[in-house]
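Descriptive structure summary
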Amino acid sequence: TLVGNAYVLGLDALDCQTGQSLLRRQLTASRKEDVLGAIETTAPDIRRILGESRSSIRQFDTRIHAGLTTGSLAAFEAYTAGERNVLRQGGWSAVPFFTRAIELDPEFAYAHAALGLVLGTFGEAARSRVHTERAYELRDRVSEWERLFITAQYHDRVTGELDKTLTTCEVWVQTYPHDRTARNRLASAYNQLGQSGRAIDELEKAREVGRDHPLDVDAWAATAMRLNRAQHARGIVQRLVEASPERLPLRRTAYRLAFLEGDREEMARHVEWATRTPRAEALFAEQAAVDTYDGRINRARSWLQQGVDAAMRNDFKGNAAVWSALHAAREAFVGHSQEARTQATAALELEESWETVALAAVALARLGDLDDARRLASRLNAERPSGTLIQNYWLPVIQALSDFHGGNARSAVEALQAVHPYELSDTRLPLLPAFVRGEAYLLARDGGQAAAEFQKLLQHHGAVGNSLLGPLARLGLARAMALTDDLTSARRQYESFFELWRDADTEIPLLRQAKAEYGALGSKQGTVSKMSPRRGWTRDAASGWQ
């Protein structure tokens with residue numbers, strides 16, 4: 001409070017369980033710039049009175065100028081305004097506030113780190129890297145808690161070394177066992193490593209200590225979906241959406257939950273909300289994914305374009321690039337070669353972040369544009385030579401897809417051996433290694449092994465979600481059953497695929513090929529000649545791998 005020419009501050013320590021006041025202090029600062037300094041000189045004394053040992057105070061000395069990495073009250077106020085917006089609307093709404101905090105204090109390390117986290121979460125990988133690197137450069141002047149946050153963020157967003165992210169987060173949790181953010185970030189590392197069971201355990205603890213902080217509930221619900229527990233999450237998420245209807249991340253999670261439960265009306269309500277809500281274009285991208293899942297590629301392109309246009313208007317170019325690259329991969333998988341190339345080129349022209357490059361490389365490798373795919377793969381390798389998922393997920397998949405074009409199925413399978421521990425990782429194309437491995441076994445005419453790989457996608461349907469790989473796994477399983485001469489199961493899986501694509505665009509090359517294969521099953525006696533090794537599973541320029 002401003003009293004005359006001085007600033008008077010009241011500090012009140014409360015018992016978190018009872019709300020009872022434990023002690024009160026009144027401070028005075030002659031200038032606004034001295035407010036934070038006044039707090040920092042009093043804080044250690046308060047901590048001692050409340051029972052913290054002197055050794056602990058020395059070890060975790062969170063002096064305000066160091067703890068907040070800023071001596072600017074204006075920068076601190078801008079940052080905290082951003083934090084409040086995160087709770088109301090979601091992380092994207094904090095971007096202008098965190099940016100303003102950095103403008104006011106360019107050495108505000110935690111603001112850089114927080115902005116890097118938000119931007120990275122929303123697909124802005126290039127901008128995220130810039131701020132995360134800057135925070136890391138400033139890490140020696142911050143508190144221990146912030147240093148752990150910044151270090152974990154750096155290994156996640158810059159180097160991609162998830163083993164180091166995991167180690168840092170484990171130290172963070174051990175040092176601050178009652179901190180929800182530490183457990184949230186540890187859970188994120190587990191999810192990226194494909195260990196969702198361990199992730200949800202950490203998120204349960206985060207929800208407990210953070211009293212169901214929206215960020216923890218959202219992450220918990222997404223993880224529950226990955227573990228095929230969507231029904232456990234929907235009621236909680238619905239209540240939070242009703243309480244905070246403008247929070248985009250919760251809306252997106254609710255949309256995905258509704259998809260898993262087949263509630264298309266609920267999905268439509270969320271998309272309708274997005275059409276009248278600024279900066280909600282992420283739901284347009286979700287709708288594009290669902291339409292592709294249903295085989296309605298033309299509609300998907302329309303939703304994608306709306307999302308890309310809105311993202312560009314809102315200065316989220318990285319999002320637009322990632323969505324375009326992801327759709328390029330989808331177009332490639334259904335056999336739309338020219339459309340896939342166009343989307344991949346458009347994505348790379350928007351932004352060449354690692355994620356955009358990885359997705360574009362997958363699309364081009366699938367099409368057989370091997371020189372371009374290998375060039376992009378080399379760039380990925382150079383940018384993240386120790387990146388866990390680059391080295392153990394994306395590069396092996398790109399190599400395997402390239403091997404297909406020489407008809408070398410065994411080399412493709414071998415390229416994917418290192419991926420097994422990571423194939424459940426949380427990525428834009430979930431379980432892609434298992435899907436590609438299944439196709440490699442089809443090429444090798446090993447129906448039993450192929451079926452086992454495609455079954456993984458069906459068993460982990462919550463992790464696959466609205467990815468196109470879900471229905472394509474049904475088709476892959478049908479083809480695998482045909483190779484084993486289990487014609488009843490083959491017909492059933494083909495029919496399951498056709499049911500999923502009952503409203504699909506009729507001109508899709510992959511759909512035409514699937515119908516031809518189904519027709520060729522014929523009688524049991526005619527199957528051997530119609531599905532003979534001479535015909536086999538071969539590369540077709542129009543419809544992809546058959």
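Right above here is the structure, for reference.
Parameters at a glance
Residues numbered from 1 in each chain as written. Predicted model: local features only at pLDDT ≥ 70, side-chain atom pairs only at ≥ 80, totals over all residues. Heavy atoms only, no water. Helix = DSSP H or I, 4+ residues; strand = E, 2+ residues; numbered from the N terminus. Buried < 20%, exposed > 50% of the residue type's maximum accessible area, 1.4 Å probe, protein only. Contact = heavy atoms within 4.5 Å. Areas by Shrake-Rupley, 256 points an atom, 1.4 Å probe, with all protein chains shown as cover. Salt bridge = Lys/Arg side-chain N within 4 Å of Asp/Glu carboxyl O. Expected span 1.5 Å × (residues − 1). Axes fitted to C-alpha atoms, helices over the stretch in contact; angles between N-to-C directions. Parallel < 35°, antiparallel > 145°, perpendicular 65-115°, else oblique. Left-handed = near helix turned anticlockwise from the far one by under 90°. Nonpolar A, V, L, I, M, F, W, Y, C, P; charged D, E, K, R; others polar.

**Quick word on the overall build of the chain**
Secondary structure summary: the chain contains 30 helices and 5 strands in total. When the 546 residues of the chain are sorted by exposure, 59% land in the buried category. A fraction of 60% describes how many contacts in the chain between residues 6 or more apart in sequence connect residues 24 or more apart. Accessible surface, the chain as shown: approximately 22800 Å² in total, 48% of it carbon and sulfur.

**Remarks on the pattern of salt bridges**
This structure, assessed with the given rule, holds 35 salt bridges. For Arg180, the salt bridge identified is with Asp216, shortest N-O distance 2.6 Å. Remark: Asp216 occurs in helix H12 (residues 214–226) and Arg180 occurs in helix H10 (residues 180–192); sequence separation between them is 36 residues. With its nearest N and O atoms 2.6 Å apart, the salt bridge here joins Arg269 to Glu266. Remark: Glu266 and Arg269 occur in helix H15 (residues 264–275); sequence separation between them is 3 residues, near one turn of the helix. The class for Arg269 is partly exposed, based on a relative accessible area of 46%. Given a relative accessible area of 14%, Glu266 falls into the buried group. One continuous salt-bridge network, built from bridges that share partners, spans Arg264, Asp291, Asp294, Arg296 and Arg299.

**Looking at helix H4 (residues 73–89)**
For H4, spanning 17 residues, the distance from its first C-alpha to its last is 24 Å, which sits close to the expected 24 Å at 1.5 Å a residue. When H4 is considered as a whole, its buried residues turn out to be Leu73, Ala75, Ala78, Tyr79, Ala81, Gly82, Asn85 and Val86. The positive-phi residue at the C-terminal boundary of H4 is Gly90, with phi of around 115°.

**Focus: unusual backbone geometry**
In this model, Asp212 sits at a positive phi of 55°, which is unusual for a non-glycine residue. Checked against the element boundaries, Asp212 lands in the loop between helix H11 (196–209) and H12. We classify Asp212 as partly exposed; its relative accessible area is 34%. A positive phi angle, close to 65°, is found at Asn228, a residue other than glycine.

**Thoughts on the environment of Ala300**
Mapped onto the elements of the fold, Ala300 is located in helix H17 (residues 297–313). Spatially, the C-alpha atoms of Ala300 and His327 are 8.9 Å apart, while their sequence positions differ by 27 residues. Discounting residues that sit within four places of it in the chain, Ala300 has contacts with Ala288, Asp291, Thr292 and His327.

**Points about the packing of helix H5 (residues 95–104) against helix H6 (residues 109–121)**
For the pair H5 and H6, the least separation of the axes is 9 Å and the interaxial angle reads 155°. It follows from the interaxial angle that H5 and H6 lie roughly antiparallel. Where H5 crosses over H6, the two elements pack in a sense that is left-handed. Seen from H5, the contacting residues are Val95, Phe98, Thr99, Ala101 and Ile102; seen from H6, they are Ala111, His112, Ala114, Leu115, Val118 and Leu119. Per-class residue counts for the contact of H5 with H6 are 9 nonpolar, 2 polar and no charged.

**Focus: H12**
Within an α-helix, residues lying three or four positions from one another point in the same direction, as the helix has 3.6 residues per turn. Taking 1.5 Å as the rise per residue, H12 with 13 residues should run 18 Å; its terminal C-alpha atoms sit 18 Å apart, in good agreement. Most of H12 is tucked away, with 10 of its 13 residues classed as buried. Residues of H12 that are buried: Pro214, Asp216, Val217, Asp218, Trp220, Ala221, Thr223, Ala224, Met225 and Arg226. Contacts made by the buried residues of H12 are with H4, H10, H11, helix H13 (230–243), helix H14 (248–260) and helix H26 (461–464). Among the residues trailing H12, Asn228 stands out with phi positive, at a value near 65°.

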